[in-house]
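A closer look at the structure
Letter by letter, the chains look like this.
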Amino acid sequence: MTAHSDGRRTPGPHHADLLTIGQLADRSGLAPSALRYYESLDLIQATRTAGGQRRYTRGTLRRIAFIRAAQRVGLSLDEARVALDRLPERPAPSGTEWDRVAESWQSRIDEQIAELQRLKAKLSGCIGCGCLSLTRCALYNAADRAGEAGPGARYLLTRDPDTGPEPVPPAVGTCGTRRGGR
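First things first, this report covers the structure right here in the doc.

1. Structural notes on the nonpolar core
With 24 residues, the main nonpolar core has L35 and F66 as its most contacted residues. Looking at this core, the elements that each hand over two or more residues are α1 (21-28), α2 (32-40), α3 (59-72), α4 (77-85) and α5 (95-104). Filtering out sequence-adjacent residues up to four positions away, L35 remains in contact with I21, L24, A25, S28, L30, I44, Y56 and I64.

2. Some thoughts on the pattern of salt bridges
One pass over the full model with this rule turns up five salt bridges. Note that D78 and R81 form a salt bridge whose closest N and O atoms lie 2.7 Å from each other. Here R81 and D78 lie together in helix α4, a separation of three residues that amounts to about one turn.

3. Regarding the packing of α1 against α3
Two numbers describe how α1 lies on α3: the axes approach to 10 Å, and their chain directions differ by 45°. Judged by the angle between their axes, α1 and α3 are oblique. When the axes of α1 and α3 are compared, the crossing they make is right-handed. Together, L24, R27 and S28 of α1 and T60, L61, I64 and R68 of α3 make up the contact between the two elements.

4. Observations regarding the sheet that holds strand β4 (residues 47-48)
Spatial ordering of the open sheet is given by β3-β5-β4, a layout of three strands whose pairing is antiparallel. With one partner strand each, in any of the chains shown, β3 (18-19) and β4 form the two edges of the open sheet. Of the pairings in the sheet, the one linking β4 to strand β5 (residues 54-57) comprises two bridges and is antiparallel in character. Residue pairing in the sheet places R48 in a bridge with R54 of β5.

5. As for α4
Taken together, the buried positions of α4 are L77, A80, A83 and L84. End-on view of α4: buried residues confined to an arc of 115°, all on one side of the axis. Each element contacted by the buried residues of α4 is listed here: α2, α3 and α5.

6. Some words on the packing of aromatic side chains
Tallied over the entire structure, the rule returns one aromatic pair. With a centroid separation of 5.1 Å and 45° between ring planes, the pair formed by F66 and W105 is classed as tilted. Within this pair, whereas F66 is found in helix α3, its partner W105 is found in the loop between α5 and α6 (106-129), the two being separated by 39 residues in sequence. As far as burial versus exposure is concerned, F66 and W105 are alike and both buried.

7. A word on unusual backbone geometry
Keep in mind that most residues, glycine aside, have a negative phi and that most peptide bonds are trans. Although it is not a glycine, D42 sits at a positive phi angle of roughly 65°. With respect to the element layout, D42 can be found in the loop between α2 and β4.

8. Regarding the side chain of T60
Inspection of the secondary structure assignment puts T60 in helix α3. If sequence neighbours within four positions are ignored, T60 has contacts with L24, I44 and Q45.

9. Notes on the packing of α1 against α2
The contact between α1 and α2 brings their axes to 9 Å, and the two run at 105°. Judged on the interaxial angle alone, α2 and α1 are roughly perpendicular. The residues of α2 that touch α1, namely those facing I21, L24, A25 and S28, are P32, L35 and R36.

10. Observations regarding the pairing of β5
With two bridges connecting them, β3 and β5 associate as antiparallel partners. Opposite L18, over in β5, you have T57 as the bridge partner. Hairpin remark: β4 followed by β5, antiparallel, with five residues in the connecting loop; positive phi at G52, about 85°.

So, how was this worked out
- Every residue gets a number counted from 1 within its own chain, in the order that chain's sequence is written.
- Since the coordinates come from a predicted model, pLDDT governs what is reported: local features require at least 70, and pairs of side-chain atoms require 80 or more to be given and counted, while whole-chain, interface and lining totals use all residues.
- Computation of side-chain values: all heavy atoms of the structure, hydrogens and water removed.
- Only buried residues count toward a nonpolar core, which is a set of Ala, Val, Leu, Ile, Met, Phe, Trp, Tyr and Cys residues joined through side-chain atoms within 4.5 Å.
- Think of it in three bands: with a 1.4 Å probe and only protein chains considered, a residue is buried below 20% of the maximum accessible area for its type, exposed above 50%, and partly exposed in between.
- Under the scheme used here, helices are H or I runs from DSSP no shorter than 4 residues and strands are E runs no shorter than 2 residues, and both carry numbers assigned from the N terminus.
- The contact rule is simple, with two residues in contact once any of their heavy atoms fall within 4.5 Å.
- For this analysis, a salt bridge means a side-chain nitrogen from Lys or Arg found within 4 Å of a carboxyl oxygen belonging to Asp or Glu.
- Orientation is described by axes fitted as lines to C-alpha atoms, over the contacting stretch for helices, and by angles from 0 to 180 degrees between their N-to-C directions.
- For classification purposes, angles smaller than 35 degrees are called roughly parallel, those larger than 145 roughly antiparallel, those between 65 and 115 roughly perpendicular, and all remaining angles oblique.
- Here is the rule for handedness: rotate from the far helix to the near one, and if that takes an anticlockwise turn smaller than a right angle the crossing is left-handed, while a clockwise turn gives right-handed.
- Note on pairing: DSSP must find at least two bridges between two strands before they are called paired.
- Directions pointing from the helix axis toward each C-beta atom define the arc.
- Stacked, edge-to-face and tilted are the three classes for Phe, Tyr and Trp ring pairs, Trp counted by its six-membered ring, which pair at centre distances within 6.5 Å; planes under 30 degrees apart are stacked, over 60 edge-to-face, the rest tilted.

Here it is in structure tokens:
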């Protein structure tokens with residue numbers, strides 16, 4: 001709320017409660033370019049001064065901390081935005097509201113743990129064999145569809161990268177030339 005000299009109060013933050021982008025960068029540990037990027041994704045919001053300078057409420061620091069926590073557990077910025085959209089902008093979200101959002105991350109974290117355990121098992125097997133073969137290793141070259149078409153940069157030779165590697169060349173005659181060719 002902003003207090004006026006006549007005692008009236010108007011909703012919204014007082015100018016002293018707003019942070020410049022530099023202050024927000026210093027307090028959050030993010031570069032101003034990252035903050036502008038977050039704003040372009042609607043993760044955070046700024047008001048503008050008459051001169052067009054960005055001003056952020058102090059609650060933006062909490063939102064940034066939330067975004068960074070989401071990224072740390074492996075959520076994308078889109079997923080963080082979805083979670084933030086479920087929280088009120090004002091007043092600051094309650095502990096219960098934050099907890100509800102954090103609970104929604106539990107299944108995602110469980111999936112990541114399972115994936116890391118699968119990776120760990122494959123890695124243990126790889127360390128045991130030591131091959132790291134480009135043609136056989138299930139960790140280093142898992143499900144290599146392009147490799148089935150032959151050596152080389154198969155996707156650079158592909159006519160349609162969405163459907164897979166280069167099609168098998170036409171049949172070759174007995175003399176080593178293509179049928180119907182020279």
